[in-house]
Amino acid sequence: MSSGSDVTSKSTMVRAIMAKDLKEFSRDRFYVFMSILGLVFYVLIFWLLPSEVDETITVGVVGSEQFDFTEVSGRAESEGLAIVEYETTDELKAAVEEGDTVVVGMAFPTDLSNPTIEVYIGPGVPPSLETAMTGIASEIAYAAAGVPPPVSGFATEEIILGTDRAGSQVSLQEKFKPMLAFMVLIVEVLALAGLVASEIQNRTVKAITVTPAKVSDFLTAKALFGTSLAFVQVVILLVAVRGLDNGPLIMLTAVFLGSVLATGFGLLAGSIGKDFMSVIFWSMLIFIPLLIPAMALLFPGEAATWITFMPSYPLAQVLIDVSAYGAGWSDVAPLLGLLALWGAAALGMGWLILRKRVQTL
Amino acid sequence: MADPAQESADFVSTRHAATIFSRDVKLSPRSPLILYALLIPFLLTVLVQGVFGDLFAPQPRLIIVDDGHSQVSVDAENLEGIAVTFMDDRSDMLDAVESNDADAGLYLPVGFDDAVIAGEQPPLEFYIGGESLASNRIILGVTTLELVRGIEGGEPPVEVEVVQVGEVGTDLDLRMLPMLLMMAVAVAAAFIPAASIVQEKEDRTLSALLVSPASMADVIGAKGAFGVLLALFTGFFTLILNDALLGKAGVHLIILLVAALMMVEFGLLLGMFARDSATMFAAWKGGAILLFFPTVFYIWPNLPQWIAKLGPTYYFIDPAFRVIAEGADLSDVAGTLAIGAVIILALVPVVVLAARRLERTLASG
């Protein structure tokens, strides 16, 4: 009987502290406005990023009727090489200079007694493409002259390792989703750390603990408040960037565990920082390394081994695996388990250090 | 009769300002924010040069395993715009290509060159990563074929002439430099003075200072001078790190001075108006976009450039970019810089009014 009423009383205390925190946050209209503006800004960044991967080299050509491009590339036009025909060399040059339709061009000789192929390179064309274009021009000429390639099997026996994603690459927009989710988590946890630091600095935490509330109620309230605040904002972001289209339950689970992780570090930063500015500094010091896994996902290739040991790695990997590659529960279960462990460790560490700080006030 | 508070806010006593300035300098090694301002140029340079350059303009990546000391490997080392890596083990190469650590892999067995020269058309072990872009597959495939043609010798049946059309584009590293420079100057000249004023307000040391012979003008003057000097240092450091001085240190210093003065005014205003650190940080988070947006137009030059001119910071960012990217002289950018100077002068009365307001607020408790 008494244990039941203890639980009720404890939950009332925790709810009261959370309500106080929420009121404190919402009272600062400017802060609320800026948080909303930040969220809008992240969503805007997402929709401004390229939603498709341009895998095609579009080449403008003049006088190519007698030459066959597929002889060289071994591919159909839809697989990386697109040809746009122009009537005259001047038209082609103008198009290459403008750079909207084509950035490279080739003018084939009409008079075969003076066999020169002119390759036009537009502004900003990378050197690798220039090299490839001169190579293509040469190979077209070799093919037209009936000279066989120096090796066999080239372009006809293509060996592809791994899943062939040509034509269905993951866009930069998609790759940015974990990064944006992390940014929201960081900002919200900065807010939590600031709140904790100000309670320590102003000793309101001491005032709270002379009421029937205990230090554990204070810590529980902060952990729940921080997790809820971060979770709600990341979910809003994910809805706005269509991040819940694939595996919504897995995504929500991952984001919840990520919010717990971030709250743990937020409590830690809030305990260490003496004032708002030092809280920002400590938060940044903790969170910038945590951004690394999300940044690593922006680049091709497997993450380095040391990155996989970072607490934020499983969160970033689950978000990208589910939203971009359609992974299911069984695919990401080990990562979710790892994330839960990291979250528990971070929360435990933040809890212990904050409790020690409060008790020594 | 003039209001004494007003007078004290308007005139800077060099002696008092110098005392406050030297106190801020002495305390700066203990401030994590100063450390942050000093680290920013270095960290951003590493990030931009090492990370974002590859993100927006990724190079095709080729791994070569050469068991036969082929000429292909020698020539591949000189390829421009292609990231070539050499490995010793064929299975390591296959793993790397499969896990998308490279776009393609090439295995050259013993005797490959001899077979090509003898016209035997040996098979080419060329592996493509499934996640590589179709365009990179073509680039690497054709380039590899051309390298093998190099062993074969002989003249191609046609001459290939490369014609550069239009102006040569500016490298991404260079296009991102305005943002880097802006970040270095903004943190040092705007964020640090703003944070310093807010911190003094929160700690009530500002009120304590004002009961001393020092005036609000002295405090603001000292904070501003500290921000300007720090910004000149971080800005110059950023240019050195990015190899962008190009023997025009004098021109850069003038541009940086305009940048630092303008940003310090914004920082002082922010510090004087923000009631606490949280408000200041929130304002910085949202308001910085208004200062930073002109830099975006250098990263994406196809955007309508007139929009950049709406930002006050354009009037020092553009001169800096033109000096760095186009080798412009002071006379070429003087007009734009003059507009920047006008903005600085126009902001002076606003700063003075804000200082008077703050002094009144503090005096009234």
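How each quantity is defined
Residues numbered from 1 in each chain as written. Chains lettered and ligands numbered in written order. Predicted model: local features only at pLDDT ≥ 70, side-chain atom pairs only at ≥ 80, totals over all residues. Helix = DSSP H or I, 4+ residues; strand = E, 2+ residues; numbered from the N terminus. Buried ≥ 20, exposed ≤ 12 C-beta atoms within 10 Å, placed from the backbone. Contact = placed C-beta atoms within 7 Å. Nonpolar A, V, L, I, M, F, W, Y, C, P; charged D, E, K, R; others polar. Pairing = 2+ DSSP bridges. Core = buried A, V, L, I, M, F, W, Y, C linked by C-beta atoms within 7 Å. pLDDT = per-residue confidence, 0-100. Axes fitted to C-alpha atoms, helices over the stretch in contact; angles between N-to-C directions. Right-handed = clockwise from strand over helix to strand, strands pointing away. Expected span 1.5 Å × (residues − 1). Bend = angle between axes of the 7 residues up to and from the residue. Left-handed = near helix turned anticlockwise from the far one by under 90°.

(A) Examining the overall build of chain A more closely. A tally of regular secondary structure across chain A gives 13 helices and 5 strands. Across the 361 residues in chain A, those meeting the buried criterion constitute 47%. Sequence separation of 24 or more characterises 73% of the internal contacts of chain A that already satisfy a separation of 6 or more.

(B) Spatial organisation of the interface of chain A and chain B. Taken together, the contact pairs 75 residues of chain A with 67 residues of chain B. Of all the secondary-structure elements, those providing two or more residues to the side of chain A that touches chain B are α2 (29-48), α3 (70-73), α4 (89-98), β4 (116-121), α5 (127-144), β5 (159-161) and α10 (276-296) of chain A. Looking at the side of chain A that touches chain B, the element that brings in the most residues is α5(A), giving 14 residues. Its residues placed into classes, the side of chain A that touches chain B shows 42 nonpolar, 21 polar and 12 charged. Two elements, β5(A) and strand β4 (residues 125-129) of chain B, share 3 bridges in a ladder whose sense is parallel.

(C) Broad picture of the environment of Ala82(A). When you line up the elements, Ala82(A) lands in strand β2 (residues 81-85). Of the residues examined, Ala82(A) has 15 C-beta atoms within 10 Å and is grouped as partly exposed.

(D) Spotlight on the nonpolar core. If you look at the biggest cluster of nonpolar residues, it comprises 160 residues, and the most contacted ones within it are Val185(B), Ala189(B) and Met263(B). Apart from the residues lying within four places of it in its own chain, the contact partners of Ala189(B) are Gly227(B), Val228(B), Leu230(B), Ala231(B), Ala260(B), Met263(B), Val264(B) and Gly267(B). Within the second largest apolar cluster, 64 residues are counted, among which are Leu81(A), Val96(A), Phe108(A) and Val119(A).

(E) Geometry of the confidence of the model for chain B. Residues and elements named next belong to chain B. Counting all residues, the mean pLDDT for chain B is 84, and 90% of those residues have values of 70 or more. This model gives residues 1-7 a pLDDT under 50, and the stretch forms 6 contacts once residues within four places in sequence are excluded. Overall fold confidence for the complex sits at a pTM of 0.68, while the interface term, ipTM, reaches 0.71.

(F) Main features of the environment of Phe273(B). All names here are of chain B. Its location among the elements puts phenylalanine 273 in helix α11 (residues 249-273). Assessed through the 16 C-beta atoms surrounding it within 10 Å, phenylalanine 273 is described here as partly exposed. With 81 residues separating them in the primary sequence, phenylalanine 273 and alanine 354 have C-alpha atoms 7.4 Å apart.

(G) Region of interest: the sheet that holds β4(B). Taking strand neighbours across the sheet as the criterion, the 5 strands line up as β5(A)-β4(B)-β3(B)-β1(B)-β2(B) in an open arrangement whose pairing is mixed. Two strands close off the open sheet at either side, each with one partner strand: β5 of chain A together with β2 (83-87) of chain B. Strand-to-strand twist in this sheet, taken as the mean axis angle between neighbours without regard to direction, amounts to 25°. Summarising the sheet, strand β1 (residues 61-66) of chain B and strand β3 (residues 104-108) of chain B pair through 5 bridges and their orientation is parallel. For Leu62(B), the partnering residue across the bridge sits in β3(B) and is Ala104(B).

(H) The pairing of β2(B), seen in detail. All names here are of chain B. In this sheet, β2 lies alongside β1 in parallel orientation, the contact comprising 5 bridges. In the sheet register, arginine 61 faces β2, and the bridge partner there is alanine 83. Taking the sense of rotation as the criterion, the β-α-β connection linking β1, helix α4 (residues 71-76) and β2 turns out right-handed.

(I) Here's a closer look at unusual backbone geometry. Notably, Arg242(A) is not glycine yet its phi reads approximately 55°, a positive angle. By the C-beta count within 10 Å, which is 14 here, Arg242(A) ends up partly exposed.

(J) Molecular detail of helix α13 (residues 329-359) of chain A. Residue and element names in this part refer to chain A. A rise of 1.5 Å per residue sets the reference length of α13, with its 31 residues, at 45 Å; its end C-alpha atoms lie 42 Å apart and thus fit the reference within 8%. The sharpest bend along α13 reaches about 30° and sits at leucine 335. Taken together, the buried positions of α13 are occupied by Val332, Leu335, Leu338, Leu339, Trp342, Gly343, Ala346, Leu347, Gly350, Trp351, Leu354 and Val358. Along its buried surface, α13 packs onto α6 (172-201), α7 (204-209), α8 (215-240), α9 (248-272) and α12 (313-325).

(K) Up close: the sheet that holds strand β1 (residues 57-62) of chain A. Here 5 strands make up an open sheet; going across it, the order is β2(A)-β1(A)-β3(A)-β4(A)-β5(B) and the pairing mixed. Each of the sheet's edge strands pairs with one partner strand only, and the pair in question is β2 of chain A together with β5 (159-164) of chain B. Within the sheet, the average angular offset between the axes of one strand and its neighbour, ignoring direction, is 25°. Bridge count between β4(A) and β5(B): 6 bridges; the pairing is parallel. The partner of Thr116(A) across the bridge, within β5(B), is Glu159(B). Along the sheet, α5(A) contacts β1, β3 (104-107) and β4 of chain A together with β5 of chain B; its crossing angle with β4(A), the most-contacted strand, is approximately 160°.

(L) Up close: the confidence of the model for chain A. Considering every residue of chain A, the mean pLDDT works out to 81; 88% of them sit at 70 or more. Between residues 73-78 of chain A, whose pLDDT stays under 50, and residues either more than four places distant or in other chains, the model counts 13 contacts.

(M) Examining the packing of α6(A) against α12(A) more closely. All names here are of chain A. The geometry of α6 relative to α12 is characterised by a closest axis approach of 9 Å and an angle of 145° between their N-to-C directions. Crossing handedness for the pair α6 and α12: right-handed. Across the interface between the two elements, Glu174, Lys175, Lys177, Pro178 and Ala181 from α6 touch Ala316, Leu319, Ile320, Ser323 and Ala324 from α12. Counted by class, the contact of α6 with α12 contains 6 nonpolar, 1 polar and 3 charged residues.

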